[in-house]
Amino acid sequence: MSDETSHLPPAETFDYKHVGGRFIGLCVTAVVTLLLSLVLGISNPQQFAFSWLFAGWFFVTILIGSLFWVIVHHATDAAWSVGIRRQLENISCQLPLLALLLLPLLLVAPKVWTWMAESPAHNHELAEKAAYLNINFFWIRTAVYFLLFGIVALLFRRNSLAQDKDGAAIHSIRNRRLAFFIIPFGAIALTFWSFDWMMGLNIRFVSTIFGIYNFAGAVLAALCVIILLANALRSAGYLKRVLTAQHNFAFGKLLLAFTLFWGWIAFVQYMLIWYANIPEETSFYVLRSTGSWKVLGILLVVGHFILPFCLLLFRGPKANARFLGMVAFWILAMHLIDVYMLVLPVLHPEGFHPAVLDVVSVLAIGSTLGAFFLKGLGDSPLWPSRDPRLAEAANFND
Amino acid sequence: MGRDTEMSRHLPVAGSLAEPLHAVGARFDTPDALIAAVRSLRAAGHNAVDCYTPYPVHGLAEELKVPKSLISFLVLGGAVTAIALALTMQLVPSNLIYPLVVDGKPINLSGLPQYVPITVALTLMLGALAAVKGMILLGGMPRLNHPMLAWDLFAKDASRGFFLTVSARDPYFTVEKVRELLELSGAGDITAIHLEPSDDE
């Protein structure tokens, strides 16, 4: 329509006056909960190991999911998501910090991945898998996952920041090449990461779709986080020029699409294992559908799939930022329970057994990541201010 | 109609003057001009305005106040029918007509997972069919001719501009008034589009 380049929204930088006390609050929460988990962890290292892995994996999925959205943005040369890309970059660049926060797992690993404490000489199953499932290779792989995703996330952000300075299109092209490079390796890495960390909790259980299941949850969770973050920034008066009502509708459609994706993958995994009825595989679901775990399992089916599906089916509410924010918050809570159901039933096979450490771990890792995120938020413009597709993004019409 | 036919003699004519007037058509060079014209016509009370553009113009549907399409209800109807159909076709034979336990799986609703893939597939299929067929039927297809095709400029290359018509069935329609409004909005090629004589007469 009209000349779009003349309407480039001027860059905005975050002003710390909008966080003020909340930032201090986050820092205090982080310090208190980190100390508390240290104290509680020393008194009950096994519970600590499982809780810390649960909280850690929850945030791993969010960070990797954000990286996925950056990759998709570049690989498809998308325009609509330019306005939120910097925040996705900011979130995914917390990976090195998260690696640091997860270092305690090195100490308690044999308590959570019990195969580490066993000797292949005495465990035939472990001996058969020893070529892959041995302690050294496990930690090398874990290091590779963090290095691969961490370096790629930092490179995306570095190119993006360089473009803010000179506005050259070459940075977009470099990022696109990087996206093409990481797609196959990232897919393999995330699959094996979830095999190692989640499936490794019970080395007898195998499911080839398990990596995709975790991927589906990760992408959905990251989408929820970015919707909530976009709402928060807009209510503080930012991003209004680059994120319009049309973007809400796009968010709503993606949220519905990935809710369906998660639901379908979750169902397919269940259905195939249920139908084949092989003890190695069914043990996973038998554990999670007996006793009080069954209640949480049903809550996941209804709350993670059926309810959001029905809420997001209709066109009108999908374009409403407030409504989307509420649904996103709900799905994020369901994702937390989803990860909880992956980890904690292994520790408490007798039934749902809430522990203070579960809550403290999520708060400790979450508030630390949140505090560092807020601290870095003002360091760069809130969106890639000289991206070639910025005008297109600001005038995005769905 | 007689008076309109009289008035439309002052305009270029498409179709046959012996037949009733279908609409007054106009061509615009830009989508912005088209939207402005729609706005002024609607402000003057003309609701039977229709547009023909080479590509979807954002904001045009809002100006034309096109009501929400029935498609989503058709798709929902197709999907719900499919769910009922698929579950009936699986549960009735396997529970009532010829109960057959395979692999120890329950055959009633507690064996729901085995019935889901077919239900999902049929839901997708009937939903998609309802969407495609609904789109075709609600769009007035199939039809062999359209009054607009009497207008050579439009029929030969509909992509050469942004076309607008005001139907003669509009309650406020007079050729003179519509023409004046169109001219004020900078329209080109204002044409009186008459119907064509049908072949079977």
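What you are looking at is a predicted structure, and each value in this text was computed from that prediction instead of being measured.

**Q** Lay out the overall build of chain A with the relevant residues and their values.
**A** If you tally the helices and strands in chain A, you get 16 helices and 0 strands. Against the globule reference of 21 Å for 398 residues, chain A gives a C-alpha radius of gyration of 22 Å, in line with a compact fold. The principal-axis extent of the C-alpha atoms belonging to chain A is close to 70 × 40 × 40 Å. Every one of the 398 residues in chain A was classed for burial, and the buried ones make up 38%. Long-range contacts, defined as pairs at least 24 residues apart, comprise 85% of the intrachain contacts of chain A with a sequence gap of at least 6.

**Q** Can you lay out the overall build of chain B for me, pointing to particular residues and giving the numbers?
**A** When you go through chain B residue by residue, the secondary structure sums to 7 helices and 5 strands. Mapped from its N terminus to its C terminus, chain B presents α and β elements in the order α-β-β-α-β-α-α-α-α-β-α-β. Here the C-alpha atoms of chain B give a radius of gyration of 26 Å, more than 25% beyond the 17 Å that 2.2 N^0.38 yields for 201 residues. If you line up chain B on its principal axes, its C-alpha atoms span 85 × 40 × 30 Å.

**Q** Before we move on, could you go through the environment of L105 of chain A and cite the residues and values that matter?
**A** All names here are of chain A. Secondary-structure assignment places L105 in helix 5 (residues 104–112). Spatially, the C-alpha atoms of L105 and F50 are 9.3 Å apart, while their sequence positions differ by 55 residues. Apart from residues lying up to four places away in sequence, L105 is in contact with W52, L53 and G56.

**Q** So what's going on with unusual backbone geometry? Residues and values would help.
**A** A cis amide bond links M141 of chain B with the next residue in sequence, P142 of chain B, at an omega value of -5°. Inspection of the secondary structure assignment puts P142 of chain B in the loop between helix 5 (112–138) and helix 6 (152–156). Although it is not a glycine, L239 of chain A sits at a positive phi angle of roughly 65°. If you check the backbone angles, D103 of chain B has positive phi at about 60° while not being a glycine. Here D103 of chain B shows up in the loop between helix 4 (71–97) and helix 5.

**Q** I'd like a description of the sheet that holds strand 3 (residues 49–52) of chain B, backed by residues and values.
**A** Hydrogen bonds between backbone atoms are what pair the strands of a sheet, whose relative direction is either parallel or antiparallel. Residue and element names in this part refer to chain B. Spatially, 1-5-2-4-3 is the arrangement adopted by the 5 strands of the open sheet, whose pairing is mixed. If you trace the sheet from one side to the other, it starts and ends with strand 1 (13–14) and strand 3, each paired once. In this sheet, strand 5 (residues 188–194) lies alongside strand 1 in parallel orientation, the contact comprising 2 bridges. Looking across to strand 5, one finds that V13 is bridged to A192. This element, helix 2 (residues 31–43), spans strand 2 (21–28), strand 3 and strand 4 (162–167) of the sheet and lies at about 15° to strand 4.

**Q** A description of helix 3 (residues 82–92) of chain A should follow, citing residues and the corresponding values.
**A** Side chains of residues three or four places apart in an α-helix project in the same direction, reflecting 3.6 residues per turn. By the criterion of burial, helix 3 of chain A is predominantly enclosed, with 11 of the 11 residues buried. Of the positions making up helix 3 of chain A, those classed as buried are V82, G83, I84, R85, R86, Q87, L88, E89, N90, I91 and S92 of chain A.

**Q** Residue-level account of the nonpolar core, with values.
**A** Among the nonpolar cores identified, the biggest contains 97 residues, and F54, A222, I226 and V343 of chain A are the most heavily contacted of them. Ranked by residues supplied to this core, first place goes to helix 2 (residues 45–75) of chain A with 19 residues. In this structure, L21, L41, A150 and I193 of chain B belong to the second largest nonpolar core, which totals 27 residues.

**Q** Give a description of the packing of helix 8 (residues 170–197) of chain A against helix 9 (residues 210–235) of chain A that names residues and reports values.
**A** When two helices pack together, their arrangement is given by the angle between the helix axes and by the axis-to-axis distance. All names here are of chain A. At a closest axis distance of 8 Å, the pairing of helix 8 and helix 9 adopts a crossing angle of 105°. When the axes of helix 8 and helix 9 are compared, the pair comes out roughly perpendicular. Only F210, G211, N214 and F215 of helix 9 make contact with helix 8, whose side of the interface consists of L190, T191, S194 and F195.

**Q** Lay out the packing of helix 2 of chain A against helix 5 of chain A with the relevant residues and their values.
**A** Residue and element names in this part refer to chain A. One can describe the packing of helix 2 onto helix 5 by two numbers: an axis separation of 9 Å at closest approach and a directional angle of 110°. With respect to each other, helix 2 and helix 5 are oriented roughly perpendicular. Here the hand of the crossing between helix 2 and helix 5 comes out left-handed. From helix 2, P45, Q46, F48, A49, F50, W52, L53 and G56 reach across to helix 5, where they touch P104, L105, V108, K111 and V112. Residue composition of the contact of helix 2 with helix 5, grouped by class: 10 nonpolar, 2 polar and 1 charged.

**Q** Explain the pairing of strand 2 of chain B residue by residue, including any values.
**A** Residue and element names in this part refer to chain B. The buried fraction of strand 2 amounts to 8 of the 8 residues, a majority that puts the element mostly inside the structure. Two elements, strand 2 and strand 5, share 5 bridges in a ladder whose sense is antiparallel. Residue L21 lies in a different strand from strand 5, and its bridge partner there is H194. Across 6 bridges, the pairing between strand 2 and strand 4 is antiparallel. In the strand pairing of strand 4, A23 is matched with S167.

**Q** Summarise helix 4 of chain B; cite the residues concerned and give the values.
**A** Residues and elements named next belong to chain B. Between its first and last C-alpha atoms helix 4 spans 37 Å; for 27 residues at 1.5 Å apiece the expected length is 39 Å, and the two agree. Maximal helix bending in helix 4 amounts to about 25°, located at L91; proline P93 follows within four positions. For helix 4, every residue scored as buried is listed here: G78, A82 and A86. The elements touched by buried residues of helix 4 are helix 5.

Rules behind the numbers
- Each chain carries its own residue numbering, running from 1 in the direction its sequence is written.
- Chains carry letters from A onward and ligands carry numbers from 1 onward, assigned in written order.
- Local features are withheld for residues below a pLDDT of 70 in this predicted model, meaning they are given only at 70 or higher, and side-chain atom pairs are given and counted only at 80 or more; totals for whole chains, interfaces and linings count all residues.
- Numbering of helices and strands runs from the N terminus; a helix is a DSSP stretch of H or I covering at least four residues, while a strand is a stretch of E covering at least two.
- Atoms considered for the radius of gyration are the C-alpha atoms alone. The globule rule reads 2.2 Å times the number of residues to the power 0.38.
- Counting other C-beta atoms within 10 Å of a residue's own tells you its class, since 20 or more makes it buried, 12 or fewer makes it exposed, and anything in between is partly exposed; those C-beta atoms are placed from the backbone.
- Note that contacts rest on C-beta atoms placed from the backbone: two residues are in contact if these are within 7 Å.
- Strands qualify as paired when DSSP identifies two bridges or more between them.
- Axes here mean lines fitted to C-alpha atoms, for a helix over just the part in contact, with angles spanning 0 to 180 degrees between N-to-C directions.
- The term nonpolar core refers to a group of buried residues, namely Ala, Val, Leu, Ile, Met, Phe, Trp, Tyr and Cys, whose C-beta atoms join them within 7 Å.
- Comment on the angle field: the value is read as roughly parallel under 35 degrees, roughly antiparallel over 145, roughly perpendicular from 65 to 115, and oblique elsewhere.
- Note: crossing handedness is left-handed where the near helix turns anticlockwise from the far helix by less than a right angle, and right-handed where it turns clockwise.
- Classification used: nonpolar for Ala, Val, Leu, Ile, Met, Phe, Trp, Tyr, Cys and Pro, charged for Asp, Glu, Lys and Arg, polar for all others including Gly.
- To estimate the expected span of a helix, subtract one from its residue number and multiply by 1.5 Å.
- We define the bend at any residue as the angle between the axes fitted to the seven residues before and including it, ending there, and the seven starting there.

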